[in-house]
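# Observations on chain architecture
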Amino acid sequence: MIQEKELTDGLTTKEAEKRIKEFGLNELKHNNRASALKIFLSQFNDFIVWVLIAATLISGIIGDKADAVTILIIIVINAILGFIQEFRTEKSLEALKELAAPTCKVLRDSSLKIINSIYLTIGDIVILEAGDRIPADGFFIESSGIVVDESLLTGESVGVNKDAKQYKINNSNSKSQNEKKQTIKNNTGFMGTTVVKGKGLFKIDCIGMKTEMGKIAELIQNIEEEKSPLNKRLDSLGKILVIICIIICGIVTIMGIMRGHDITEMFLLGVSLAVAAIPEGLAAIVTVSLALGVSRMLKKNALVRKLPAVETLGCTSVICSDKTGTLTQNKMTVKEVYLNGRIYEIEKERLNEERKLKKALVYCNDCNYDFTKKKIDEALHGDPTETALINMFFHEVKELEAFLNGANRVFDIPFDSTRKMMSVVIREGEKETCYVKGAPERVIERCDYILENNKIKPFTYQKKKQVADFITAMSSRALRCIAGAYKEDNLIKGERIEENLIFLGIAGSIDPPREEARDAVLKCKLAGIKPVMITGDHQNTALAIAKSLNICNTSEQVMTGEEIEAISDLELEGKIKKIRVFARVSPSHKLRIVRAFKKKGNIVAMTGDGVNDAPAIKESDIGIAMGISGTDVTKEASSMILMDDNFSTIVAAVEEGRIIYDNIRKFIRYLLSCNLGEVLTMFLATVFYLPNPLSPIQILLVNLATDGLPAIALGVDPPEQDIMRQLPREKKESIFARGLVEKIVIRGSLIGLCTLLAFMAGRYYKMNLETCRTLALCTLVMSQLIHVFECRSERHSIFQIKLFTNPYLVGAVMISIILICAVLYVPFLQGIFHTVALSINQWLIVMFFSGIIAFINSVYLLIKSK
Ligand code: ATP
């Protein structure tokens, strides 16, 4: 039963809290969240690891027990490392989901609050407008032209009309049962469906898993999250590498056995080598770096909704951005007014005879007022375009309140960015007047008269031309122009009220460009990315602002909505290359713009806020919704949300996308060349009939010391300085493109070769097998730890980059060095790992063989880059 009080004021915060305790949160539960234990156990969910455990146990029973225990400990430490990585990813992804959760406008304690939808409870009253997603099940208690898209539940794409009035009928007892059913259907709304049109108050009566959506959610619990294309490719690459590794390890094992080595020892060696060399963590590290990148982007105000988008971001070649609020500050101030045949500069002079224009711009205005506030700025809430108009006329709240008093709005047609106009019918006493405001050319084409110095005159062709010239001049001064008009007679509500109007005048507002946008535009250009402005504003206003931001320099680079309409898709594709500004466009044009750019081979990022922008956002490669001004529908169609509606945030996100991709390449390069080095060391020794240069435990130790931490640290490496001076990469480009395979193969082979040479040097100097193996172990580890620094840059040598700018990497390398030194110099560990303490001279051999290739390679790169 609904209390009258609740209907108007909403719940009190206290009552809401009580109900949340009683009924729970308004959220759909996910069963498939991985628990910590599950993640830990999944680390052992790998066939090769089980073979290693089995082999270790067997060798432990029949052979060296200490070896077996050590191997098991190493396996557990490895699992812990893997667990830490995966657990962090899981946690940060969960945190992101929380942030991406939708908000809603709810009445609490008699005032409007924006809250996270999960805190909605039964009895809450929510305000719903076009573009909003209904946050829980309930019914409309007030509505004006509400149409809801319920296709999510019904599959029926036709919008459903909802009417709150039905609710009142529903409450009266005189209606028959049948009619009641009908009415319930017509005023109910369901979680997850979207309001396409209209406005209304909605009362919640079912939340969370109890909603219709909750029932469906129960059925679809176990759908997997989307993998990024790169992840998928790496998964399949991983499979190929596993097969190659197993074949090579098999050869090493079989040849060893054929040459009379101990069977269990050789088997253990083969399996250890497989464990060390198979890059099982590759796909996982990619997810980790994408997820870490996502949280870094969030710090810069870009909320990535889909992980794969991070990858695409780096390829962006065109950024289509809305103007108002994204490239500009959305802080409007009226600077000039055209009235009575001339321009008034607002700061310098007072307007004469402006009473009608004042009414048109203030009555025909959707601002909300709070007359309890003292300052006019605090009293006004609404679109800056509209608040600016009120600010121009009023400095005192009392004055404004008095002006609005007695003017009752009896009808309105709200502003929409396709019509670019808004109209109201106002009743003052007995008299009704229609006031219109909107884009000047749209208003002027509906005007037959003009009011000048209080006289109504015919709005002749000459006069219109004269006014148009003023508009051109005002627009060229970057002013956003809004015309006002009215009419008093022949008001037929809803039809043709916007005809035969009397023209009043024009207000021109300045909306300064965002300071940081200018730098961001420059950054785009250097990075080979085309910044494109899309706006509903006049072409001259758009051009003036675009020029000041350096987006374009001539009017040839501007295209209007009208021009788009006049040409075919094919012609648009032909012309689009040189266009930098699209002016006076409607949301529907955006879709054609995205398609044309895409057809021309571009990777397009497109911003949007309104419901009508959703199709273009969906069509683009990177759909970007506005966090502040965006509607739920656009947000849900998007792959990224700009929390601060700021253009420079897009550019920062693109940069971050490039950084992440580069880092993924860095650690793939590192991991694969290291693994290749390990496998080749053992393989070449077998081929050349040498003893095994490393024991199974040593192989696992190398894997632990160099594969784990340094690789993760590369994933958070700071970018190369010229990362935003490169052209965007092709979307289809393989991760191994631009010479990465060659780098891996050459460098990996050299690591293997040098390790083997160090081993042979030991034998040459007649050192015992343990010392030779220790030389090989140290050379392998040191070569990899040197190589990790080389992997930080693809274009520069280690002499050209600042080596120590990644503290994680320095830390990881230090830990690995300490680990190796401990294994060499702590007597207890020497026994376990079969190592000896190396002398200075022996270290020189290690340093020579691990450093020589890096040195030659760096000198080569240095000469090449000169
Ligand atoms: P974008 O945000 O894409 O840069 P925009 O916000 O400048 O575009 P619109 O909001 O569609 O574009 O505005 C287009 C034109 O409509 C403006 O130039 C102005 O003349 C007029 N206009 C804007 N807001 C209103 C309003 N609230 N009432 C009447 N007319 C308006």
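Residues numbered from 1 in each chain as written. Predicted model: local features only at pLDDT ≥ 70, side-chain atom pairs only at ≥ 80, totals over all residues. Heavy atoms only, no water.

### Comments concerning the UniProt feature "transmembrane region" (unreviewed entry) in the protein
Threshold: UniProt positions are given in the numbering used here, feature names are shortened, and annotations may be inferred rather than shown by experiment. Numbered from the N terminus, helices here are DSSP runs of H or I no shorter than four residues, and strands are runs of E no shorter than two.
Look at the UniProt record and you will see "transmembrane region" (unreviewed entry) annotated at residues 39-62, 68-84, 240-260, 266-292, 667-690, 744-762, 803-828 and 840-863. As annotated, residues 667-690 comprises 88% helix and 0% strand, and the C-alpha atoms at either end are separated by 31 Å. The span residues 744-762 is 100% helical and 0% strand by assignment, and the distance between its end C-alpha atoms comes to 27 Å.

### Quick look at the domain arrangement of the protein
Stated precisely, the cut-off is as follows: Per the annotation, domain bounds derive from an automatic or database assignment of domains. Whether two residues are in contact is decided by their heavy atoms: any pair within 4.5 Å suffices. Put simply, buried area is the surface a 1.4 Å probe can reach on two separate parts but cannot reach once they are joined, added for both. When a carboxyl oxygen of Asp or Glu is within 4 Å of a side-chain nitrogen of Lys or Arg, the pair counts as a salt bridge. Throughout this description, a polar contact denotes any pair of N or O atoms lying within 3.5 Å of each other; where both atoms belong to protein, one of them has to be capable of donating a hydrogen while the other can accept it, and for residues adjacent in sequence the pair is counted only when both atoms sit in side chains. Classification used: nonpolar for Ala, Val, Leu, Ile, Met, Phe, Trp, Tyr, Cys and Pro, charged for Asp, Glu, Lys and Arg, polar for all others including Gly.
Considered domain by domain, the protein is made up of domain 1 (1-27 + 101-220), domain 2 (228-296 + 654-865), domain 3 (317-329 + 514-645) and domain 4 (333-507). Counting residues at the interface gives six residues for domain 1, matched by five residues for domain 3. Both sides together, the interface formed by domain 1 and domain 3 hides about 530 Å², and carbon and sulfur atoms give 49% of it. The largest share of the area that domain 1 buries against domain 3 comes from T103, G131 and R133, three residues that together contribute 65% of it. Between domain 1 and domain 3 we count zero salt bridges in total. Joining domain 1 to domain 3, the criterion identifies zero residue pairs in polar contact (both at pLDDT 80 or more). Counted by class, the side of domain 1 that touches domain 3 contains one nonpolar, three polar and two charged residues.

### Thoughts on the side chain of S639
Mapped onto the elements of the fold, S639 is located in the loop between α26 (632-637) and β26 (640-642). In contact with S639, not counting residues within four places along its chain, are L303, V304, R305, K306, A309, D621, I622 and G623.

### Concerning the pairing of strand β20 (residues 501-510)
Successive side chains on a regular strand alternate, one facing one side of the sheet and the next facing the other. Defined as follows: Relative accessibility under 20% of the residue-type maximum defines a buried residue, over 50% an exposed one, and the middle range a partly exposed one, all with a 1.4 Å probe and only protein chains included. The rule for pairing is simple: two strands pair if DSSP sees at least two bridges between them.
Here β20 lies mainly inside the structure; nine of its 10 residues are buried. Bridge count between strand β10 (residues 333-339) and β20: six bridges; the pairing is antiparallel. When the bridges of β20 are listed, V337 appears paired with A507. Where strand β17 (residues 447-452) and β20 come together, three bridges link them in parallel fashion. Within β20, the position partnered with C447 by the bridge is L501. One ladder, built from eight bridges, connects strand β19 (residues 479-487) with β20; its direction is antiparallel. Bridging from a neighbouring strand, C481 pairs with G508 of β20.

### Digging into the sheet that holds β26
In sheet architecture, strand pairing relies on hydrogen bonds along the backbone and comes in two forms, parallel and antiparallel. Stated formally: Axis angles are defined between N-to-C directions and span 0 to 180 degrees, where every axis is a line fitted to C-alpha atoms and, for a helix, only to the segment in contact.
The sheet built from eight strands is open, its strands ordered β8-β26-β25-β24-β9-β21-β23-β22 with mixed pairing. Of all the strands in the sheet, the pair left with one neighbour each is β8 (302-304) and β22 (558-560). Put simply, the sheet's adjacent strands are angled 20 degrees from each other on average, direction ignored. Alignment of strand β9 (residues 318-322) against strand β21 (residues 530-534), held across five bridges, turns out to be parallel.

### Quick word on the site of the ligand
Stated precisely, the cut-off is as follows: Definition of nearness: a residue and a molecule or strand are near each other if at least one heavy atom of the residue lies within 4 Å of the molecule or strand. Calculation of accessible area relied on Shrake-Rupley with a 1.4 Å probe; when residues are assessed, cover is drawn exclusively from the protein chains displayed.
The immediate surroundings of the ligand are formed by 19 residues, with T324, E386, R480, C481 and D537 found nearest. Residue T535 places a side-chain N or O atom 3.3 Å away from an oxygen atom belonging to the ligand. About the coverage of the ligand: the protein hides 91% of its 620 Å² of free accessible area. Those elements giving two or more residues to the shell around the ligand turn out to be α16 (384-393), β16 (431-438) and β19. Broken down by element, the residue count for the shell around the ligand peaks at three residues, all from β19. Among the residues forming the shell around the ligand, the class breakdown is five nonpolar, six polar and eight charged. For the shell around the ligand, the domains that each give at least three residues are domain 3 (317-329 + 514-645) and domain 4 (333-507).

### A word on helix α32 (residues 807-825)
Note the following rule: To estimate the expected span of a helix, subtract one from its residue number and multiply by 1.5 Å. This arc describes the spread of directions from the helix axis toward the C-beta atoms.
Helix length check: α32, at 19 residues, gives a terminal C-alpha distance of 26 Å against a target of 27 Å (1.5 Å per residue), a fit within 8%. Those residues of α32 not exposed but buried are L809, A812, V813, S816, I820, V823 and L824. What you see down the axis of α32 is that its buried residues fit within an arc of 115 degrees, all on one side. Away from its buried face by more than 90 degrees, α32 exposes P807, Y808 and I818.

### Digging into the packing of helix α4 (residues 47-62) against helix α11 (residues 263-277)
Under the convention used in this document: By definition in this entry, angles of less than 35 degrees are roughly parallel, angles greater than 145 are roughly antiparallel, angles of 65 to 115 are roughly perpendicular, and the rest are oblique. Crossings are assigned a handedness: left-handed for a near helix turned anticlockwise from the far helix by less than a right angle, right-handed for a clockwise turn.
Two elements in contact, α4 and α11, have axes separated by 9 Å at closest approach and are oriented at 155 degrees. Taken together, the axis directions place α4 and α11 in an arrangement best described as roughly antiparallel. The handedness of the crossing between α4 and α11 is left-handed. When α4 is examined against α11, the residues I48, V51, L52, A55, T56, I58, S59 and I62 are found in contact with a partner set consisting of T264, F267, L268, V271, S272, A274 and V275. Among the residues forming the contact of α4 with α11, the class breakdown is 11 nonpolar, four polar and no charged.

### Notes on the packing of helix α27 (residues 647-687) against helix α31 (residues 769-790)
The contact between α27 and α31 brings their axes to 10 Å, and the two run at 160 degrees. When the interaxial angle is binned, α27 and α31 end up roughly antiparallel. Classified by chirality, the crossing of α31 by α27 is right-handed. Taking contact as the criterion, the partners of R669, Y670, S673, C674, E678 and T681 in α27 are, on α31, L780, Q784, H787, V788 and E790. Of the residues that constitute the contact of α27 with α31, the class distribution is four nonpolar, four polar and three charged.

### Details of the packing of aromatic side chains
In plain terms, the rule: Two rings from Phe, Tyr or Trp (for Trp, the six-membered ring) form a pair when their centres are within 6.5 Å of each other. A pair whose planes differ by under 30 degrees is stacked, one over 60 is edge-to-face, and the rest are tilted.
Tallied over the entire structure, the rule returns 12 aromatic pairs. Ring geometry for F40 against F83: centres 5.8 Å apart, planes inclined by 80 degrees, an arrangement best described as edge-to-face. One end of the pair, F40, is in helix α3 (residues 36-42); the other, F83, is in helix α5 (residues 65-100), and 43 residues separate them in sequence. Exposure remark for F40: the relative accessible area of 24% places this residue in the partly exposed category. A relative accessible area of 18% means that F83 is categorised as buried. With a centroid separation of 6.5 Å and an interplanar angle of 25 degrees, the aromatic rings of Y435 and Y486 are classed as stacked. Taken together, the residues Y435 in strand β16 and Y486 in strand β19 connect sequence positions 51 residues apart.

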